[in-house]
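Close look at the chain arrangement
Listed here are the chains, written in short residue letters.
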Amino acid sequence: MKTILPIPLALLFLLLVGIGGSCKSTPASYATLAVTQDLTVGALQEFGKARVQGKVSEAQFIKINTVYKKYQTAYDAALTTAQLDVNSATPAEVKQLAGEFAAAVAAVVGGSK
């Protein structure tokens, strides 16, 4: 898997959780499988930080973990269908699950600020 640069990743995460302290996520562009995975990994990293800092309840952890597992299963299937071409278009189901995951993370991370 490719290395993710911290600065662009941080900027992408800001787009997910909104700029200016808003708890609502802005619509993300999940054009390709690579972009979708990068955005999701960024949200996952922010969620992990909040979890380590004790800002995530057990119920929130279970909910977000469940959503992430659904996303990852759909992403893996899409990647297999695309013959591991990460530049392939992201299927609608994967976009939907990535958006659900980003919104769930934004609700926790945004609410903990």
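Before any of the text, the structure's been laid out above.
Let me sum up the structure you'll find in this document.

Parameters and conventions
- Residues numbered from 1 in each chain as written.
- Predicted model: local features only at pLDDT ≥ 70, side-chain atom pairs only at ≥ 80, totals over all residues.
- Heavy atoms only, no water.
- Helix = DSSP H or I, 4+ residues; strand = E, 2+ residues; numbered from the N terminus.
- Expected span 1.5 Å × (residues − 1).
- Buried < 20%, exposed > 50% of the residue type's maximum accessible area, 1.4 Å probe, protein only.
- Salt bridge = Lys/Arg side-chain N within 4 Å of Asp/Glu carboxyl O.
- Polar contact = N/O pair within 3.5 Å; in protein donor to acceptor, adjacent residues only side chain to side chain.
- Contact = heavy atoms within 4.5 Å.
- Phe/Tyr/Trp six-rings, centres within 6.5 Å; stacked < 30°, edge-to-face > 60°.
- Lys NZ or Arg CZ within 6 Å of the ring centre and 35° of its normal.

Topic: helix α3 (residues 58-81)
Taking 1.5 Å of rise per residue, the 24 residues of α3 would be expected to cover 34 Å, and the 34 Å separating its terminal C-alpha atoms lies within 8% of that figure. What α3 keeps buried is the set I64, V67, Y68, Y71, Q72, A74, Y75, A78 and L79. Immediately beyond the C-terminal end of α3, within one or two residues, lies Q83, with a positive phi of roughly 55°.

Remarks on the pattern of salt bridges
Taken as a whole, this structure holds two salt bridges when the rule is applied. With its nearest N and O atoms 3.1 Å apart, the salt bridge here joins K49 to E46. Taken together, the residues K49 and E46, both in helix α2 (residues 33-52) and three residues apart, mark about one turn of the helix. Given the relative accessible area of 48%, K49 is considered partly exposed. Residue R51 is joined to E58 by a salt bridge in which the shortest nitrogen-to-oxygen separation is 3.5 Å.

Comments concerning the side chain of S88
Inspection of the secondary structure assignment puts S88 in the loop between α3 and α4 (92-111). For S88, the side chain forms a polar contact with the main-chain oxygen of D85, separated by 3.0 Å. Contact partners of S88, with chain neighbours within four places excluded, come to A31, T32, L33 and A82.

Some remarks on the packing of aromatic side chains
Taken as a whole and assessed by the stated rule, the structure comprises four aromatic pairs. Between the aromatic rings of Y71 and Y75, the centroid separation amounts to 5.8 Å while the plane-to-plane angle is 35°, which identifies the pairing as tilted. Here the residue Y71 and the residue Y75 both occupy positions in helix α3, the gap between them amounting to four residues, near one helical turn. Per residue, the accessibility class of Y71 equals that of Y75, and both read buried. In this structure an aromatic cluster arises from ring pairing among Y68, Y71, Y75 and F101. Looking at R51, its charged tip hangs above the ring of F61, at a distance of 4.0 Å from the centre.

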